[in-house]
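# Report on the structure
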Amino acid sequence: MSDPLLVVRDLHVTYRSSRGPVPAVRGVSLHLDRGETLGLAGESGSGKSSMAMALLRLVPVGTTITGSVTLAGEDVLAMKPGRLRAVRWAEAAVVFQGAQHVLNPVHRIRRQIQEAIDTHRGNGKVADLLEQVGIPRWRSDAYPHELSGGQKQRVMIAMALACDPELLIADEPTTALDVMVQAQVLQLLADLQRDRGLAMIFITHDLSVLSTVADRLAVMYAGRLVETGPAKEMLRGARHPYTKALAAAFPTIGDQSSRLAPSGLAGDPPDPMAVPSGCPFHPRCPIATEECAATMVELHEISPGWEAACLKL
Ligand SMILES: Nc1ncnc2c1ncn2[C@@H]1O[C@H](COP(=O)(O)OP(=O)(O)OP(=O)(O)O)[C@@H](O)[C@H]1O
Ligand SMILES: [Mg+2]
């Protein structure tokens, strides 16, 4: 067996703010094999983007990152800036939520993709890249405003693939799209993942979208992982009370009627500067007892390849 592509150990990300330090990620450990897709889910503010961006040190100045991040055997947190810049495109690329807004409105998409290839010394060809993301070659002359939101997001995916990275970090790439287009872009990512052997971290607040793409899931709450395990089994029967509540809040893709009230997930996630004692989910947890408020639980194996951080499991 080869080593995992990515190994993260005890990652902490702390922002600097006028109110004081903001501990957005508080000890995350995970690994990702080559060609594997990890779905990272959790409510808004749970630290998903902070965690993912810290993997490539894409954080604001003044932010502290501790722990370790090893990508293809290299220590990312110790890399010199030049090496880091090269790694960011050639080995790991990012597609952001609403990333299409970074397309330059006055340049044809062909030119923008070519620039990404040239700047980062990729060897992809614009027309081939476009075709791979499902945009006909002749559309390469289009300006961004001539494309739909879904097509623009496809262009962003094509740019991310310009240097043939091994890892793609997709941070809510489909959230701004309508349900049909969302399903198409998800299918595209799943196909690319399979055809190119890409490893992917796919971030979403909606667990149900992960059934198309993820091999494994990781669920985040208040800057920590609360459950991680095989995607299919977890989507069928999550074990941690938080994952269960999150799954109930977003039952199935395309089912608009069920998206109304997030049943079983009353209250708000905690402010990172005022995280509850013990298990951070205990104030919202239907099965919490006094012990949960006093005891901080680490992730532990509940069945092979499946871990949860809950006293009751
Ligand atoms: N630059 C920053 N300075 C201070 N606090 C920040 C900064 N960026 C994010 N935070 C805080 O860190 C916490 C985690 O934010 P993050 O964006 O990682 O969450 P998320 O899980 O990606 O949420 P969403 O689903 O809304 O994208 C939040 O409380 C957020 O307000
Ligand atoms: Mg985010």
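For the structure, see preceding data.
Phi at Arg57 takes a positive value of approximately 55 degrees, unusual for a residue other than glycine. Residue placement: Arg57 occurs in the loop between helix H1 (48-54) and strand S4 (64-71). One non-glycine residue, Ala222, lies in positive phi territory at about 50 degrees. Its location among the elements puts Ala222 in the loop between strand S9 (216-221) and strand S10 (224-230).

Read across the open sheet, the four strands follow the order S2-S1-S4-S5; overall the sheet is antiparallel. Each edge of the sheet is formed by a strand with only one pairing partner; in this case those strands are strand S2 (22-32) and strand S5 (74-75). In this sheet, S2 lies alongside strand S1 (residues 6-15) in antiparallel orientation, the contact comprising eight bridges. Residue pairing in the sheet places Val7 in a bridge with His31 of S2.

Time to look at the pairing of S4. Taken together, the seven bridges between S1 and S4 define a ladder with antiparallel strand orientation. Each bridged residue has a counterpart across the sheet, and for Thr14 the counterpart in S4 is Thr64. The pairing of S4 with S5 spans two bridges and is classified as antiparallel. Residue pairing for S5: Thr70 is matched across the bridge by Asp75. Count of turn residues in the S4/S5 antiparallel hairpin: two residues, of which Ala72 carries a positive phi of about 45 degrees.

Overall, the coordinates contain 14 salt bridges when judged by the stated rule. When the shortest N-O distance is used, the salt bridge between Arg34 and Glu166 registers 2.9 Å. With a gap of 132 residues between them, Arg34 in the loop between S2 and strand S3 (37-41) and Glu166 in the loop between helix H5 (149-160) and strand S7 (167-171) connect regions that are remote in the sequence. Classification of Arg34 as partly exposed rests on a relative accessible area of 40%. Relative accessible area serves as the criterion here: at 34%, Glu166 is assigned to the partly exposed category. Ionic pairing is found between Arg284 and Glu43, a salt bridge with its closest N-O pair at 3.0 Å.

Moving on, we come to the sheet that holds strand S11 (residues 300-303). Here we have eight strands laid out as an open sheet, ordered S6-S7-S8-S3-S9-S10-S12-S11, and mixed in their pairing. With partners counted over all chains shown, the strands left at the sheet margins are strand S6 (92-95) and S11, one partner each. Across the sheet, the mean angle from the axis of one strand to that of its neighbour is 25 degrees, orientation sign disregarded. Where S6 and S7 come together, four bridges link them in parallel fashion. Within the sheet, the bridge partner assigned to Ala93 lies in S7 and is Leu168. This element, H5, spans S6 and S7 of the sheet and lies at about 170 degrees to S6. Docked against the sheet, helix H9 (residues 241-249) engages S3, S9 and S10, running at close to 100 degrees with respect to S9.

Turning to the site of ligand 1, a few remarks are in order. Residues in contact with ligand 1 amount to 14 residues; listed here are only the nearest, Ser44, Gly45, Lys48, Ser49 and Ser50. One of the backbone nitrogen or oxygen atoms of Gly47 is found 3.0 Å away from an oxygen atom of ligand 1. Notes on ligand 1: free accessible area 640 Å², of which the protein chains cover 66%. Counting residues per element, the ones that place at least two in the shell around ligand 1 are S2 and H1. For the shell around ligand 1, the class distribution of residues is five nonpolar, six polar and three charged.

Our focus in this paragraph is the packing of aromatic side chains. Under the definition given, this model contains three aromatic pairs. Measuring from centroid to centroid gives 5.1 Å for Tyr242 and Phe281, while their planes differ by 70 degrees, and the two rings are edge-to-face. Here Phe281 lies in the loop between H9 and helix H10 (290-294) and Tyr242 lies in helix H9, a separation of 39 residues in the sequence. Across this residue pair, the class does not change: Tyr242 and Phe281 are buried. Three or more aromatic residues joined by ring pairs make a cluster, and in this case those are Tyr221, Tyr242 and Phe281.

Before going further, it helps to examine the pairing of S3. The buried fraction of S3 is high, at five of five residues. A two-sided burial pattern is seen for S3, the buried positions comprising Thr37, Gly39 and Ala41 on one face and Leu38 and Leu40 on the other. In this sheet, S9 lies alongside S3 in parallel orientation, the contact comprising four bridges. Counterpart to Ala41 in the pairing with S9 is Val219.

Moving on, we come to the side chain of His240. The residue His240 is located in the loop between helix H8 (231-236) and H9 in this model. Under the relative-accessibility criterion, His240 is labelled buried at 1%. Among the polar contacts made by the side chain of His240, one reaches the main-chain amide nitrogen of Tyr242 at a distance of 2.9 Å. Aside from chain neighbours lying at most four places away, what touches His240 is Val226, Glu227, Phe281, Ala309, Cys310 and Leu313.

What counts and what doesn't
Residues numbered from 1 in each chain as written. Chains lettered and ligands numbered in written order. Predicted model: local features only at pLDDT ≥ 70, side-chain atom pairs only at ≥ 80, totals over all residues. Heavy atoms only, no water. Helix = DSSP H or I, 4+ residues; strand = E, 2+ residues; numbered from the N terminus. Pairing = 2+ DSSP bridges. Salt bridge = Lys/Arg side-chain N within 4 Å of Asp/Glu carboxyl O. Buried < 20%, exposed > 50% of the residue type's maximum accessible area, 1.4 Å probe, protein only. Axes fitted to C-alpha atoms, helices over the stretch in contact; angles between N-to-C directions. Contact = heavy atoms within 4.5 Å. Near = heavy atom within 4 Å. Polar contact = N/O pair within 3.5 Å; in protein donor to acceptor, adjacent residues only side chain to side chain. Areas by Shrake-Rupley, 256 points an atom, 1.4 Å probe, with all protein chains shown as cover. Nonpolar A, V, L, I, M, F, W, Y, C, P; charged D, E, K, R; others polar. Phe/Tyr/Trp six-rings, centres within 6.5 Å; stacked < 30°, edge-to-face > 60°.

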